[in-house]
Structure formats: structure tokens, C-alpha cells
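Summary of the model geometry
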There are 2 protein chains.
Amino acid sequence: MPRVSEAHLAARRQQILEAAWRCFARQGFHATSMQDVFAESGLSAGAVYRYFPSKADLVRTTAEGIAGIADDVFLEMLATDPVPPPAAALRRTLVHLTEVTSGDEIDRTKIALHVWAEAVRDTEIRGIVTTIADRLVGRWRQLAERWLEAGHLPPGADPDHVARTMYGVMVGLVIQRHLFGVTTDDYVDGFTALSR
Amino acid sequence: MPRVSEAHLAARRQQILEAAWRCFARQGFHATSMQDVFAESGLSAGAVYRYFPSKADLVRTTAEGIAGIADDVFLEMLATDPVPPPAAALRRTLVHLTEVTSGDEIDRTKIALHVWAEAVRDTEIRGIVTTIADRLVGRWRQLAERWLEAGHLPPGADPDHVARTMYGVMVGLVIQRHLFGVTTDDYVDGFTALSR
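Residues numbered from 1 in each chain as written. Chains lettered and ligands numbered in written order. Predicted model: local features only at pLDDT ≥ 70, side-chain atom pairs only at ≥ 80, totals over all residues. Heavy atoms only, no water.

Quick word on the packing of aromatic side chains
Residues and elements named next belong to chain A. To keep it simple, the criterion reads: Only centres within 6.5 Å qualify two rings of Phe, Tyr or Trp (six-membered ring in Trp) as a pair; their planes then separate them into stacked at under 30 degrees, edge-to-face at over 60, and tilted for everything else. By definition, any uninterrupted DSSP run of H or I lasting at least four residues is a helix, any uninterrupted run of E lasting at least two residues is a strand, and each is numbered from the N terminus. Classification of residues uses two cut-offs on accessible area relative to the type maximum, computed with a 1.4 Å probe and protein chains only: under 20% is buried, over 50% is exposed, and between them is partly exposed. Should the NZ of a Lys or the CZ of an Arg lie within 6 Å of a ring centre and within 35 degrees of the ring normal, that charge is described as sitting over the ring.
Enumeration according to the criterion identifies 10 aromatic pairs over all chains in this entry. Measuring from ring centre to ring centre gives 4.9 Å for Phe-74 and Trp-140, while their planes differ by 85°; the resulting arrangement is edge-to-face. One end of the pair, Phe-74, is in helix α4 (residues 55-78); the other, Trp-140, is in helix α7 (residues 123-150), with 66 residues separating them in the sequence. Of the two residues, Phe-74 and Trp-140, both sit in the buried class. Ring centres of Trp-140 and Trp-147 lie 6.2 Å apart, and the angle between their planes is 45°; this geometry places the pair in the tilted category. Residue Trp-140 is classed as buried on the basis of its relative accessible area, which comes to 0%. With a relative accessible area of 0%, Trp-147 lands in the buried category. Ring-pair connections join several aromatic residues into one group, and the members of that group are Phe-74, Trp-140 and Trp-147. Against the face of Phe-29 rests Lys-55, its NZ or CZ located 4.3 Å from the ring centre.

Below, the structure is given as C-alpha cells:
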């Protein structure tokens, strides 16, 4: 029996994910069944289930992927001295996220809109969304602590609240980019004008 | 034949809207049919269609209602001299919006998450969402023009970009309030710390 290479497993995994993104983009998250994902990927139920036992697993992997893209920039900024101030940090994060995801056949940040809606009603999906949001908010909090030290925030500012706002600003672009065609540059210019 | 009073018509209209919000909150927007709205409202198809010929009409009225709530605050702030600066204006708008909508049996801003997701795929819904967003962004733009005159923004800042960011900050709270229980106060505190 031949050994299946790591690269083959990763490619297969990606093939299934992209099929799921096409289904979600076309039908929405709720109306997509695992059967739709089998058909779209051209793989058997067994082959798909081996990687993703449920729709929730597809969402978790997709969301972790998006968080991972953002994490690359967060880690780089957290390792930088002096720390980039809020507007510069937002620009780096959003430009990188936009560049990586808009190169995909299906922009997976668009899937986020479907997943947020589903999370209102489905506690399992909400749990996944919460975990990923906490991860991103946590990175903004680490940056906010550095901003406080560097004087980019007024003394006594709460890094938790600042982190929630920065996450909200990210979300506000994702929605407007997909629904109204707002560009990352214009949006970040607006934030820059408003920020200290 | 008795004349039907204005008050009766308004009450009937509200009864149908609230039934639709319960359906959307329970099943999501896509999975809710007009038949579900008839059943939930306890009214006949004819009675419902008289007010709302389609799901899109329910969405339009709901979205116009939310914009109307925000408009009360916008008009008041635009009539104020000196104009409230960005963080104060955001606080007034979000506190008012939260107070009015959280008093409803179903918080209709939660429906927005379903409608944004649907707007990704459905061009009619996207048209409605775009119209309402343009109205809110237009109000933020009017405020941004005043902020520019008052020196709350750096010279040369583009009021359009600032308005997009302010709308994005609103959206970022709506999502986090419903999914993660973030409070309006904490969120606006974060924005205040970040803003000029």
C-alpha cells in the first residue's frame, strides 16, 4: 500500500475547503449540506469526512486560516520596536488580509458574513466564531498594551476596550468591502484621520 | 363599511413586522418564507400581502426603521453648535440605537446580521442594504464635514472615507454585541481612547 504524502493530504484538504467555500458563497451557509460539498469537490463522502466530519469543522478550519493570516502580521508587529501606532497597525493588518484573501478563487472573508449570521442561532458555530474572535481580539490587546506604554493611548485607557474597537473596525471593513466595494485604502485613510 | 383608523393600520403593520423578526431570528432570513410570516402573525396571506408584498419589503421597512432611529440623533447633532466631536457623536448614536432596539421583544439590529449575509448573494436585498447604508454613511459624512471645519480632523481628511469608517465602527459593535455580548459603553470607551 503506497504511503500518502503530506503534500497530497494538504492538497486534498484544500480542495475540499475550496469546494465548501464555493457552496457557501452560492447558497449561503445554512442551505449548504455536506452532500453539496461531496458533489462540488467531486469526492466521496468517506474522503470528505476523513478531513471534515461536519460543516462546523469546515467553518473552524476556514476561520483558523483567516486568523492565521492576520497572526503573521500581528507577530511581526509585536516583535517590532517601536511598536507601530494604531492607524499603521490597522493598515498593515487589513492590507495583508485583503491581499492574501482576494487572491483566492473565493474570498473566504466573504464566508465570514454567512458564518456570523449562522452564529446568531447556532451555538456550536457561535462557539467557533467566539474562539477565533477572542484570538484576534487578544492580539489587538497585546498591541494596545504596547500603545499604552508608548503613549499612543491616553493613560488609563483599557486595552480590552481598545482591542474590541479595533476588531470592530476590521469587521466593519469586511462587510463594506463585500457589500459596497469599499476599498481597504479608503477605509484605513478614514481611520487614520480619526485616530490620535 | 367602517373606516379603518390610521392607528389600527400602524398596529397591524407592526404586528406583521414583529412576527417576521421572530421568524428571522429563529430560522434565519433565507429559510423564512412568507407562509411562516402568515402563521407567526396569525393573519391571512391577503392581510399580510396588503402591507408587505414580499420578504424584501419586510427587510426594507425594518432597515428604514433602524435608519430612522439613528436619524433622530444625527439630525439633533447636525443642528448643534459646536458639533459634537467623533467619539461623543459615536457614543450618542450607539447609546440611542442600543436603548431603542434592546427594548423590543426581538432586537431588530440582530436581524441585520442575517440580512448582510443574504445581501452577499441576493441583488435585491443588497440594493436595499446599500440604500440604507448610503443614508447612514451620508449622515456621518455631514458630521465629518463639520468635524473638518471644527478642527476635529486633520486638514485634507476626506469626509467620505471618515464616514465609511464611522459606519464600519457601528457595524463592528452590532456584530460583537449580538455574538459576544460586548457592551456599547466598553466599545465606545475603546474608540474614545483611539480617537483624536
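Let us keep going from here.
Quick word on the relation of the copies chain A and chain B
Threshold: The least-squares superposition of copies is restricted to C-alpha atoms, and to residues with a pLDDT of at least 70 in both copies.
Aligned on chain B, chain A shows an RMSD of 0.0 Å; the corresponding rotation is 180° and the shift along the axis is 0.0 Å. Each copy turns onto its partner about a two-fold axis.

Brief notes about the pattern of salt bridges
One side chain can pair with another of opposite charge once the charged atoms of both are near each other. Test applied: Salt bridges are counted wherever a side-chain nitrogen of Lys or Arg sits within 4 Å of a carboxyl oxygen of Asp or Glu.
The tally for this structure, following the rule as stated, stands at 29 salt bridges over all chains. For Arg22(A), the salt bridge goes to Glu105(A), with nearest N and O atoms at 3.2 Å. Pair noted here: Arg22(A) is in helix α1 (residues 6-27) and Glu105(A) is in the loop between α5 (86-102) and α6 (108-121), with a separation of 83 residues, a long-range link. On the accessibility criterion, Arg22(A) (21% relative accessible area) is partly exposed. Among the salt bridges present, the one from Arg108(B) reaches Asp104(B), with a minimum N-O distance of 3.0 Å. We classify Arg108(B) as buried; its relative accessible area is 13%. Here Asp104(B) falls in the partly exposed class, since its relative accessible area comes to 23%. Each of Arg22(A), Arg26(A), Glu40(A) and Glu105(A) takes part in salt bridges that share partners, so that together they form one network.

Observations regarding the domain arrangement of chain A
In many reports, interface size means the accessible area that the parts give up when they come together. Residues and elements named next belong to chain A. Let me state the cut-off plainly: Domain borders in the structure are assigned automatically or taken from a domain database. When two components associate, each loses some accessible surface as probed by a 1.4 Å sphere; the sum of these losses over both components is called the buried area. The classification used treats Ala, Val, Leu, Ile, Met, Phe, Trp, Tyr, Cys and Pro as nonpolar, Asp, Glu, Lys and Arg as charged, and all other residues, Gly among them, as polar.
Along its sequence, chain A is organised into domain 1 (1-53) and domain 2 (55-194). On a C-alpha basis, the centres of domain 1 and domain 2 stand 27 Å from each other. Taking both sides of the interface into account, the surface hidden between domain 1 and domain 2 amounts to around 1,600 Å²; carbon and sulfur atoms contribute 72%. If you sort the residues of domain 1 by the area they bury against domain 2, Trp-21, Phe-24 and Phe-29 come out on top, with a joint share of 45%. Inspection of the domain 1/domain 2 interface yields 1 salt bridge. With 9 residues, the single largest contributor to the side of domain 1 that touches domain 2 is α1. Class assignment of the residues belonging to the side of domain 1 that touches domain 2 gives a composition of 11 nonpolar, 3 polar and 3 charged.

Topic: α1(A)
In plain terms, the rule: One less than the residue count of a helix, multiplied by 1.5 Å, gives the span that helix is expected to have. Any two residues whose heavy atoms approach within 4.5 Å at even a single point are treated as in contact.
Taking 1.5 Å of rise per residue, the 22 residues of α1(A) would be expected to cover 32 Å, and the 32 Å separating its terminal C-alpha atoms lies within 8% of that figure. Residues Ile16(A), Leu17(A), Ala19(A), Ala20(A), Trp21(A), Cys23(A), Phe24(A) and Gln27(A) constitute the buried set of α1(A). Taken together, the buried residues of α1(A) touch α2 (34-41), α3 (45-51), α4 and α6 of chain A together with α6 (108-121) of chain B. Where α1(A) ends, the next residue or the one after it, Gly28(A), has phi of about 85°, a positive value.

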